[in-house]
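Inside the fold
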Amino acid sequence: MKAKEPDHEGVVDRDGVRIHYQVFGDGPDTMLFIPPWAIVHSRIYKGQIPWFSDRFRCITYDPRGNGRSDRPPRTEDYSVERYIDDALAVLDATHTDAAILFGLSLGGLFATVLAAHHPARVRAAVLVGSAFTIGQGYPYMTPEHFVARHERFDDWNKYNREYWLREYADFSSFFLGNVSCEPHSTRQLEEAVSWAADTDGETLVRSVEARQIAPPFDMGKTMYESIQCPLLILHGTNDRIQPIARAREAARITGAELVEFEHSGHAPNTRVPARVNALVSEFLERRLGIPSSVRMNAAESGAGRANAAGRRKRALFLSSPIGLGHGRRDLAIARALRQQVPDLSIDWLAQDPVTRLLSANGESIHPLSARLANESQHIESESGEHDLNAFQALRRMDEILVANFMRFQEAVEHGDYDLVIADEAWDVDHFWHEHPTLKRSALAWLTDFVGFVPMPDGGGREAMLTTDYNAEMIGHVESHPHLRDRSIFVGNPDDIVDLSFGEGLPRMRDWIPRHYDFSGYVLGEHPREFGPREALRASLGYRPDERVCIVTVGGSGVGTALIRRVLQAVPLIAPRLPELRTIVVTGPRIDPRSIDAPDGVELRAFVPDLDRHLAACDLAVVQGGLTTCMELAAAGTPFLFFPLRNHFEQNFHVAQRLRNYGAGTRMDYETATPERIAQAMLDALAKPAAFKEVEAHGATRVAGLIAELL
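Residues numbered from 1 in each chain as written. Predicted model: local features only at pLDDT ≥ 70, side-chain atom pairs only at ≥ 80, totals over all residues. Heavy atoms only, no water.

A closer look at the sheet that holds strand S20 (residues 602–604)
What counts is decided by this rule: At least two DSSP bridges between two strands are needed for those strands to be called paired. Secondary structure follows DSSP: runs of H or I at least 4 residues long count as helices, runs of E at least 2 residues long count as strands, and numbering of each begins at the N terminus.
Read from one edge to the other, the open sheet built from six strands follows the order S20-S19-S18-S21-S22-S23, with strand pairing classed as parallel. This sheet does not close on itself; its edge strands, each paired only once, are S20 and strand S23 (665–666). Pairing analysis gives four bridges linking strand S21 (residues 619–623) to strand S22 (residues 639–642), with the strands arranged parallel. When the bridges of S22 are listed, Gln623 appears paired with Phe642.

With respect to the environment of Cys181
Applicable threshold: Residues count as neighbours in contact if any of their non-hydrogen atoms are within 4.5 Å of one another.
Along the polypeptide, Cys181 turns up in the loop between helix H6 (168–179) and helix H7 (186–196). Put simply, Cys181 and Phe452 are 271 residues apart on the chain and 23 Å apart in space, counted from C-alpha to C-alpha. Once you skip the residues sitting within four places of it in the chain, Cys181 turns out to touch Asn238, Arg240 and Gly265.

Some words on the side chain of Asp62
The criterion, for reference: Relative accessibility under 20% of the residue-type maximum defines a buried residue, over 50% an exposed one, and the middle range a partly exposed one, all with a 1.4 Å probe and only protein chains included. Charge assignment: positive for Lys and Arg, negative for Asp and Glu; neither His nor the chain ends contribute. The working definition used for a salt bridge is a side-chain nitrogen of Lys or Arg within 4 Å of a carboxyl oxygen of Asp or Glu.
Position of Asp62 among the secondary structure elements: in the loop between strand S4 (56–61) and helix H2 (80–93). No salt bridge is formed by the buried Asp62, whose closest oppositely charged neighbour, Arg68, lies at an N-O distance of 5.7 Å. Once you skip the residues sitting within four places of it in the chain, Asp62 turns out to touch Ile19, His20, Pro35, His41, Ser42, Gly67, Arg68 and Ser69.

Quick word on the layout of surface pockets
Inclusion rule: Of the grid points, spaced at 1 Å and generated over the protein atoms alone, those admitting a 1.4 Å probe that cannot get out make up cavities, while open sets with protein on both sides within 12 Å along at least five of seven lines make up pockets; any residue with an atom within 4 Å of a point is treated as lining. Grid points are joined across faces, edges and corners, and a volume is the space filled by probe spheres set on the points. Three residue categories are used. Nonpolar comprises Ala, Val, Leu, Ile, Met, Phe, Trp, Tyr, Cys and Pro, charged comprises Asp, Glu, Lys and Arg, and polar comprises the others, including Gly.
Of the volumes computed, that of the second largest pocket is approximately 480 Å³. Looking at the second largest pocket, it is lined by 18 residues, and the ones nearest its centre are Glu262, His263, Arg271, Val272 and Glu434. Secondary structure elements with two or more residues in the lining of the second largest pocket: helix H19 (426–434) and helix H20 (459–479). No other element matches H20, which puts four residues into the lining of the second largest pocket. Along the lines of polarity and charge, the residues of the lining of the second largest pocket split into three nonpolar, nine polar and six charged.

Considering the sheet that holds strand S7 (residues 231–236)
Strand pairing within a sheet occurs via backbone hydrogen bonds; the two strands may be parallel or antiparallel. Heads up, the condition is: Helix axes use the C-alpha atoms of the stretch in contact, all axes being lines fitted to C-alpha atoms, and the angles between their N-to-C directions lie in the range 0 to 180 degrees.
Reading across the sheet, the eight strands line up as S1-S2-S4-S3-S5-S6-S7-S8 and stay open at both edges, with mixed pairing between neighbours. Looking at which strands have only one partner, the edges of the open sheet turn out to be strand S1 (8–14) and strand S8 (257–261). On average, each strand axis in the sheet is tilted by 20° relative to the strand beside it, whichever way the strands run. Bridge analysis of strand S3 (residues 29–34) against S4 gives five bridges, and the strand direction is parallel.

Some details on the packing of aromatic side chains
Inclusion rule: In this scheme Phe, Tyr and Trp rings, the latter by its six-membered ring, pair at centre separations within 6.5 Å, and the angle between planes marks the pair as stacked below 30 degrees, edge-to-face above 60, and tilted otherwise.
According to the stated counting rule, one finds 37 aromatic pairs in the structure shown. Taking 5.0 Å as the distance between ring centres and 25° as the angle between the ring planes, the aromatic pair formed by Phe153 and Tyr163 counts as stacked. Of the two residues, Phe153 sits in the loop between helix H4 (143–147) and helix H5 (161–166) while Tyr163 sits in helix H5, which places them ten residues apart along the sequence. Residue classification places Phe153 among the buried residues on the basis of a relative accessible area of 15%. Residue classification places Tyr163 among the buried residues on the basis of a relative accessible area of 8%.

Considerations on the nonpolar core
Worth spelling out the cut-off: Residue types Ala, Val, Leu, Ile, Met, Phe, Trp, Tyr and Cys, when buried and joined through side-chain atoms within 4.5 Å, form a set referred to as a nonpolar core.
Leu32, Ile39, Phe175, Leu234, Phe408 and Trp432 are the most contacted members of the largest nonpolar core, which has 145 residues in total. Formed by 62 residues, the second largest nonpolar core is a distinct cluster that contains Leu344, Leu446, Val607 and Leu610.

Examining the pairing of S21
What counts, and what does not: With its strands directed away from the observer, a crossover is right-handed exactly when the path from the first strand over the helix to the second travels clockwise.
The buried fraction of S21 amounts to five of the five residues, a majority that puts the element mostly inside the structure. In this structure, strand S18 (residues 547–552) lies alongside S21, joined through four bridges in parallel fashion. The residue of S21 that forms the bridge with Thr552 is Val622. One crossover worth recording links S21 to the parallel S22 by way of helix H25 (residues 626–635), and it is right-handed.

Remarks on the packing of H7 against H20
The condition that has to hold: By the definition adopted for this analysis, an angle is roughly parallel if under 35 degrees, roughly antiparallel if over 145, roughly perpendicular if from 65 to 115, and oblique otherwise.
In contact at an axis separation of 11 Å, H7 and H20 are set at 135° when each is read in the N-to-C sense. Viewed along their axes, H7 and H20 adopt a mutual orientation that is oblique. Across the interface between the two elements, Thr186, Arg187 and Glu190 of H7 pack against Arg461, Leu465, Asp468 and Tyr469 of H20.

So, the environment of His150
Mapped onto the fold, His150 is located in the loop between H4 and H5. Considered as a pair, His150 and Tyr163 are 13 residues apart in the sequence and their alpha carbons are 9.5 Å apart. Not counting residues up to four positions away in its chain, the partners in contact with His150 are His145, Asn157 and Asn160.

Here's the deal with unusual backbone geometry
For the bond from Asp352 to Pro353, the omega torsion is 10°, close enough to zero to count as cis. Position of Pro353 relative to the elements: it lies in the loop between strand S12 (345–349) and helix H15 (354–360). The phi dihedral of Asp416 is positive, around 55°, even though this residue is not glycine. In this structure, Asp416 sits in the loop between helix H18 (398–415) and strand S14 (419–423). The exposure class assigned to Asp416 is partly exposed, which follows from its relative accessible area of 42%. Positive phi outside glycine occurs at Asn646, with the angle close to 70°. Take Asn646: it is sitting in the loop between S22 and helix H26 (648–661).

Examining the pattern of salt bridges
Scanning all chains against the criterion turns up 60 salt bridges. Between Glu257 and Arg287 there is a salt bridge, and its shortest N-O distance comes to 3.3 Å. Separated by 30 residues along the polypeptide, Glu257 in strand S8 and Arg287 in helix H12 (residues 273–288) bring together distant segments of the chain. The class for Glu257 is partly exposed, based on a relative accessible area of 22%. Arg287 gets classed as partly exposed once you look at its relative accessible area, which sits at 39%. Linked by salt bridges that have partners in common, Lys46, Arg187, Glu190, Glu191, Arg395, Asp398 and Arg461 make up one network.

Thoughts on the pairing of strand S15 (residues 442–447)
Most of S15 is tucked away: six of the six residues are buried. Every second residue of S15 is oriented toward a common face, with Ala442, Ala444 and Leu446 on one face and Leu443, Trp445 and Thr447 on the other, all of them buried. Where S14 meets S15, five bridges bridge the pair, whose relative direction is parallel. What sits directly across from Ala422, in S15, is Trp445. What joins S14 to S15 is H19, and the crossover it makes is right-handed. Pairing of S15 with strand S16 (residues 486–489) involves four bridges; the strand directions are parallel. Each residue of the ladder has a partner; that of Ala444, found in S16, is Arg486. Viewed along the sheet, the connection from S15 through H20 into S16 turns out right-handed.

Structure representation (structure tokens):
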């Protein structure tokens, strides 16, 4: 799922060649993102568009040769002059007099040409890994190398006309592997290769051969000397496509600001997008006076709040949007923290449906919450019938995580916070480790699992990928051991799965205790605080003579299939247990009207005090989410849980914890016929639960660990 969809799109016809463009946002200033070489298209800027379109009108377009633009059959249709004319035509079609240009690779060269030869149309230019025409290039990127005859096509001999026409797919993988050459770049490479499949070897051959067509304008040293607008050059020191020496020479001639990315490859805007976005924003504020973020007034940002004794301590709390259980436990932590730090002011950066829960409890929602890209919707888009590869879904959420991190960073830049409390805010943890200079406050990091685990269906590739992601995380923590001011594992050492992080990496039970404090489990509210069970049932409207079963699938929309399967079992139970009352809580993202329920089954969309109902009922049927299962374990309520297929956390981390507490009956959705579900429900109702007691003061322990930071 994209982090942001275009507000407008269109096509400009250039002598019969259709160039497709998109417009995002409606800010007073315009940014034109010029596509690089046609081996990829405009999606290469997905890490930039959601952030900059908050305050700019951002225009992207696909290059002739890829994406939704045409692939003309003649070599001359790919000349530099044609590409420059395409950019000007898109500016004209979008009624743009002048724009800030952002160009990667060949797009950087085109931005340079526009700045020199069409200065009235260019306010400033950002050149990333730019294909400069001065200085010495790599020998394997020369016209002679491109047409040379080779006996073997290995390594850079693949940059060759004959090879592209025969083995384009292998060349594109090789070339793009050298573009994204940094460690832990599997996602960037995987996606770029998919974009490269939108064109072909013949088209790229024409685009290279057309570079020999001399344009009717200078592209030598004189061109660079003539540029008057502000320039920002971003270049990796390990760029294997365009040497860093060329960027240094261009910066010397033009007076451009040059930022070198140590050990980075050709496309830092894809590998380190948060740092690139921050640098570009600061450059535009410094040189053009355009604010680096959407400014909020003091009331919105919360800045300046004080009590009579002086400035209040301030915290920004990030609560995971995947399920409401995180919201309930985070509320408990916030309440306990306020008891220990009475003057503490807390703002929440969160998403629906968590914001509904927080608002109902009188909490302060940060206004930037409304601009967060929807993570729950992405998770739903990745799911199948009771099937969610959580690891792959998280990988493919990279665009959303970048966008949400930038909005988080905006909040901390202007919020004057003493502390960030991040409950599984993966984007914050990742990007602050990647760019420690962006850190603006103390960081308390909370999680109830550590480590990706490959699922059998993913085979060897998924095992390689999870190992790579785990290795990156371990490297982050060990390279910057003090970036997290407090790392808290919401649980106990026995809750850690007895597995390795991957081949060549440490075991989880060895590594995690060295880097985390343990709080025990944290409940929103322990069921012992609800009072006598009989009184609780009466207060919720449950009669003494009925047995109550609650079916709930959390705050996402992934659970529709499970609800329908369970409802097929309900009529099979009725003759044997007529006093059973079944209540289905669909959650805020599943429309109850979409569920065809048997007579007598009650459907509810949203129950804010669901934990109390789970403590009062006689049986629950749930997915394998940790927070709901642990609420049931703490209440001593018998329950069936159905881990989502391919969901590593539910199948490994949650299952391990439930074994520790002797809680719940694990069910396999694939083999769970309505008849088997009905029998399992009857069996669970027939025997009392004997679970290990769940900790009652976890929130207080977490609050104590966090309070030390204040």
